[in-house]
Amino acid sequence: MCLDDQILNTYVDGELEEPWKSQVEEHLSYCNSCRKRCESLKELSERVKDAALSQSEIDTRKDRVMSVLEKNYLNKKKGLFRNRIFKFTFPQMAIGTAAAFVIVFVGSFALGSRSGKSDIIPVPEIGYTVDINNITPVRASDNATTAKSLESYSLDEILKNLDARGYDVDIRLKSIQPVTFEPVVETTTTDVEPAEVVDPVEPVVEPVVEPVVE
Amino acid sequence: MEIRSGDEKTFRHVYDENFSVMMKIAYHITYNTDVAEDICQDAFIRFYDKNMYFPSSDDAKFWLIRVTKNLAINYVKRKAREAASIEKIKKAPVSGNPFSDGASELLLHESRQAVRKAVAELPEIFRTVIVLREYGDLDYKQIAKVLNISESNVKVRVHRARKELEVLLGREDVDVS
């Protein structure tokens, strides 16, 4: 009875134990077909091993990976904050808690006493030098009573004012013949109009009385 | 020897001992050297950061191999979901210059490519076992520990994986000739 492939593979891999190993070797010594089969399985294994990645390739990668690890991990001090385990004994915890209370208490007292004096919100102060001559006092009420917009004056008042300042103002209405103004002071507009307007309808007719000469 | 993974001196020692094996395992599962490098780096960062205790250097080694294997398998699964990864393996350049020694080198290169392609085509449970056995150089007992399965299960998987490889490589040889 010949050997099956599984036993031969185990034998080829050197994994077959005694007494089976000796029995297989004995069989192989006289069975040509099993010996051939065994040889071909060995060849297959060798062939697969031969296709391994070359050592030179491995060595370059090995150096490269190591330099990355050295740069990012090994040369850094062990124990990043997240990895560090904090252990406290009871007295340490008690002292720590007490210290925290003291800080909070004192802190709140300091703040409270300051804000108790006035309701002013503390604002950081800014220091700067002031030249008293440069200060011009300005009050919002300064011009409040006198300040009027132009609309609050009548045309009359405006003209009066301008006239008083020595301006000669000429006012025209669109598509209406020019009107000349007399100084406003003397007459009101209603009085002036009939006197001033020259009636254009009445033509000045020159009398043609010439024939009498001869 | 007891291992504290966050200890720098110990870490360097473990790194020197295991980097090659991890790189091989990561590479032969992903078949991408850059990805394999990232996986190894990731595994070592986890190892160092967690500051774990291991009763022996073997336990540390198995932990690292397990993490490497899992990261690599995760990558392959993600990749498989995204695109046909085997096409990329076909085109991926083999490390080093394969043609430096002429014809025999060329044949060796082709043989390697065929093997890598075949390994990549194995179902995950067989691939892991073969990679750990042939590239991780672990014995059955160690493989069982890493994969958390029984030794007899490892035996069966190795047998089936080789059977499948034979078929895949036989098909490949026919294709080539």
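Residues numbered from 1 in each chain as written. Chains lettered and ligands numbered in written order. Predicted model: local features only at pLDDT ≥ 70, side-chain atom pairs only at ≥ 80, totals over all residues.

Visitor: Residue-level account of the overall build of chain A, with values.
Guide: Tallying secondary structure elements over chain A gives 7 helices and 0 strands in all. Helices and strands appear in chain A in the N-to-C order α-α-α-α-α-α-α. The buried share of chain A, reckoned over its 214 residues, is 6%. For chain A, the share of sequence-separated contacts (at least 6 apart) that also reach a separation of at least 24 residues comes to 48%. (Helix = DSSP H or I, 4+ residues; strand = E, 2+ residues; numbered from the N terminus. Buried ≥ 20, exposed ≤ 12 C-beta atoms within 10 Å, placed from the backbone. Contact = placed C-beta atoms within 7 Å.)

Visitor: Please set out the overall build of chain B residue by residue, giving values where relevant.
Guide: Summing up its helical and strand segments, chain B has 8 helices and 2 strands in all. Listing the helices and strands of chain B from first to last along the sequence gives β-α-α-β-α-α-α-α-α-α. By the burial criterion, 38% of the 177 residues in chain B qualify as buried. Long-range pairs, those at least 24 residues apart, make up 69% of the contacts in chain B with a sequence separation of at least 6.

Visitor: Now, about the interface of chain A and chain B: what can you tell me, with residues and values included?
Guide: On the chain B side, the residues contacting the 29 residues of chain A number 36 residues. Where the side of chain A that touches chain B is concerned, the elements lending two or more residues are helix 1 (5-12), helix 3 (32-50) and helix 4 (55-74) of chain A.

Visitor: Residues and numbers for the nonpolar core, please.
Guide: In terms of nonpolar packing, the biggest core is built from 50 residues, with M22, M23, I25, A26 and C40 of chain B touching the most fellow members. For this core, the element with the highest residue contribution is helix 1 (residues 8-30) of chain B, accounting for 11 residues. When sequence neighbours within four positions are dropped, the list of residues in contact with M23 of chain B reads L53, I58 and R61 of chain A together with A36 and C40 of chain B. (Core = buried A, V, L, I, M, F, W, Y, C linked by C-beta atoms within 7 Å.)

Visitor: Tell me about the packing of helix 3 of chain A against helix 5 (residues 103-121) of chain B, residues and numbers included.
Guide: It is the contact of helix 3 of chain A with helix 5 of chain B, at a shortest axis distance of 8 Å, that shows an interaxial angle of 100°. Between helix 3 of chain A and helix 5 of chain B, the angle is such that the two are roughly perpendicular. Judged by residue contacts, R47, V48 and D50 of chain A of helix 3 of chain A engage S111, R112, V115 and V119 of chain B from helix 5 of chain B. Residue composition of the contact of helix 3 of chain A with helix 5 of chain B, grouped by class: 3 nonpolar, 1 polar and 3 charged. (Axes fitted to C-alpha atoms, helices over the stretch in contact; angles between N-to-C directions. Parallel < 35°, antiparallel > 145°, perpendicular 65-115°, else oblique. Nonpolar A, V, L, I, M, F, W, Y, C, P; charged D, E, K, R; others polar.)

Visitor: Kindly report on the confidence of the model for chain B, identifying the contributing residues and their values.
Guide: Scored by pLDDT, chain B has a mean of 86; 86% of the residues are at 70 or more. Model confidence for the complex: the whole-complex pTM is 0.59, and ipTM, which rates the interface, is 0.81. (pLDDT = per-residue confidence, 0-100.)

Visitor: Give a description of the packing of helix 4 of chain A against helix 1 of chain B that names residues and reports values.
Guide: Closest axis-to-axis distance for the helix 4 of chain A/helix 1 of chain B pair is 10 Å, and the angle between their directions is 145°. In the crossing of helix 4 of chain A with helix 1 of chain B, the sense of the turn from one axis to the other is right-handed. When helix 4 of chain A is examined against helix 1 of chain B, the residues I58, R61, K62, M66 and L74 of chain A are found in contact with a partner set consisting of E8, Y15, F19, S20 and M23 of chain B. Taken together, the residues that form the contact of helix 4 of chain A with helix 1 of chain B break down as 6 nonpolar, 1 polar and 3 charged. (Left-handed = near helix turned anticlockwise from the far one by under 90°.)

Visitor: Go over the environment of D59 of chain B, please, and point to the residues and values.
Guide: Residues and elements named next belong to chain B. On the secondary structure map, D59 appears in helix 3 (residues 57-82). Judged by C-beta crowding, with 15 C-beta atoms within 10 Å, D59 ranks as partly exposed. The spacing of D59 and V146 is 87 residues in sequence and 9.4 Å in space, taken between C-alpha atoms.

Visitor: Tell me about unusual backbone geometry, and please be specific about residues and values.
Guide: The omega torsion across E18 of chain A and P19 of chain A is 5°, close enough to zero to call that bond cis. Its location among the elements puts P19 of chain A in the loop between helix 1 and helix 2 (20-30). With phi around 55°, Y31 of chain B is a residue other than glycine that occupies positive phi space. Within the secondary structure, Y31 of chain B sits in the loop between helix 1 and helix 2 (33-50). Phi at D137 of chain B takes a positive value of approximately 55°, unusual for a residue other than glycine.

Visitor: Help me get a handle on the environment of M52 of chain B, residues and values and all.
Guide: By the element assignment, M52 of chain B lies in the loop between helix 2 and strand 2 (53-54). Along the chain, M52 of chain B and D7 of chain B lie 45 residues apart, while their C-alpha atoms are 9.5 Å from each other.

Visitor: Go over the confidence of the model for chain A with me, naming the residues and quoting the values.
Guide: With 57% of its residues at a pLDDT of 70 or more, chain A shows a mean pLDDT of 73. Residue range residues 186-210 of chain A is modelled with pLDDT below 50. Its contacts to residues more than four positions away, or to other chains, number 4 contacts.

Visitor: Account for the environment of H13 of chain B, naming residues and giving values.
Guide: All names here are of chain B. Within the secondary structure, H13 sits in helix 1. By C-beta crowding, H13 is classed as partly exposed, having 15 other C-beta atoms within 10 Å. Taking the C-alpha atoms as reference points, H13 and S57, 44 residues apart in sequence, are found 9.7 Å from one another.

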